[in-house]
Amino acid sequence: MTLREEISAALKQAMRDRAAERLSTLRLISAAIKDRDIAARGEGEDASGVNDAEILAILAKMVKQRQESARTYEEGGRLDLAEREMNEIPVIEEFLPKQLSDDEVVAAVEAAIAEVSAESIRDMGKVMGALKSKFTGQMDFGKVGPKVKDLLSK
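What counts, and where the lines are drawn
- Residues numbered from 1 in each chain as written.
- Predicted model: local features only at pLDDT ≥ 70, side-chain atom pairs only at ≥ 80, totals over all residues.
- Heavy atoms only, no water.
- Helix = DSSP H or I, 4+ residues; strand = E, 2+ residues; numbered from the N terminus.
- Buried < 20%, exposed > 50% of the residue type's maximum accessible area, 1.4 Å probe, protein only.
- Contact = heavy atoms within 4.5 Å.
- Areas by Shrake-Rupley, 256 points an atom, 1.4 Å probe, with all protein chains shown as cover.
- Expected span 1.5 Å × (residues − 1).
- Salt bridge = Lys/Arg side-chain N within 4 Å of Asp/Glu carboxyl O.
- Arc of directions from axis to C-beta.
- Axes fitted to C-alpha atoms, helices over the stretch in contact; angles between N-to-C directions.
- Left-handed = near helix turned anticlockwise from the far one by under 90°.
- Nonpolar A, V, L, I, M, F, W, Y, C, P; charged D, E, K, R; others polar.

**Section: the overall build of the protein**
Argument step 1. Assigned secondary structure in the protein consists of seven helices and zero strands.
Argument step 2. Ordered by position from N to C terminus, the α and β elements of the protein give α-α-α-α-α-α-α.
Argument step 3. Among the 154 residues that make up the protein, the fraction classed as buried is 35%.
Argument step 4. Contacts in the protein between residues far apart in sequence, at least 24 positions, make up 58% of those at least 6 positions apart.
Argument step 5. With the model as given, the accessible surface of the protein reaches about 9,600 Å², and the carbon-plus-sulfur share is 51%.

Set out below in structure tokens:
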């Protein structure tokens, strides 16, 4: 079952269960995917919609947005809104693959460096590209960048 089908099935189940908060979050996910489908059609890409890798990227972005919004709401004293944002994160994360541990991330970075035969910091783009193609949604690339840089500068 594709990720799109899993989300659709979860949406239908949430409707049956009358789970309002879960249903709301699943509708947000569907809307984000449809927006990306429309944008892809406008760019002349495949008319069948975005693939699972792009959906994973959308979901990862949604989680990051929720975390940032919750932090902002907490700083502003709006704990009710922060709680709502935090409650949406587990629903979105259901569809993301398991996050890699720090040790697994380091091993993946080392493997990617070996795979692309990276020798210096100038090869960082190649390494990041290899990681993104294999580990989309499984690691935070904002945190991985400095690790790649450290390993390449040795």
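**Observations regarding helix α2 (residues 20–42)**
Argument step 1. In this model α2 runs 33 Å from its N-terminal to its C-terminal C-alpha over 23 residues, within 8% of the 33 Å that 1.5 Å per residue would give.
Argument step 2. The complete set of buried residues in α2 reads Leu23, Thr25, Leu26, Ile29, Ser30, Ile33, Asp37 and Ala40.
Argument step 3. On its buried side, α2 packs onto α1 (3–17), α3 (52–75) and α4 (79–93).

**Considerations on the pattern of salt bridges**
Argument step 1. Tallied over the full model, the rule gives 10 salt bridges.
Argument step 2. The partner of Arg66 in a salt bridge is Glu88, and the shortest N-O contact between them spans 2.5 Å. You can see Arg66 sitting in helix α3 and its partner Glu88 sitting in helix α4, a full 22 residues away along the chain. The two residues Arg66 and Glu88 agree in class, both being buried.
Argument step 3. Of the charged contacts, one joins Asp80 and Arg78 as a salt bridge, the two residues approaching to 3.4 Å between their closest N and O atoms.
Argument step 4. Among the residues examined, Asp80 registers a relative accessible area of 48% and is labelled partly exposed.
Argument step 5. For Arg78, a relative accessible area of 41% corresponds to the partly exposed category.
Argument step 6. Members of the salt-bridge network, linked through shared partners, are Arg66, Glu85 and Glu88.

**Brief notes about helix α6 (residues 124–135)**
Turn by turn, an α-helix covers 3.6 residues, leaving residues three or four places apart pointing in a common direction.
Argument step 1. Spanning 12 residues, α6 covers 16 Å between terminal C-alpha atoms, matching the ideal 16 Å at 1.5 Å per step.
Argument step 2. Of the positions making up α6, those classed as buried are Met124, Val127, Met128, Ala130, Leu131 and Phe135. Mapping the buried residues of α6 onto a view down its axis gives an arc of 160°, with all of them on the same face. Residues of α6 that are exposed and point over 90 degrees away from its buried face: Gly125, Lys126 and Ser133.
Argument step 3. Lining the buried residues of α6 we find α5 (102–115) and α7 (141–152).
Argument step 4. Backbone geometry just downstream of α6 places Gly137 in the positive-phi region, at approximately 85°.

**Some details on the packing of α1 against α2**
Argument step 1. Between α1 and α2, the shortest axis-to-axis distance is 9 Å and the interhelical angle comes to 145°. For α1 against α2, the interelement crossing comes out left-handed. Two secondary-structure elements touch here, α1 through Arg4, Ile7, Ala10, Leu11, Ala14 and Met15 and α2 through Arg22, Leu23, Leu26, Arg27, Ile29, Ser30, Ile33 and Asp37.
Argument step 2. Across the contact of α1 with α2, the residue classes break down as nine nonpolar, one polar and four charged.

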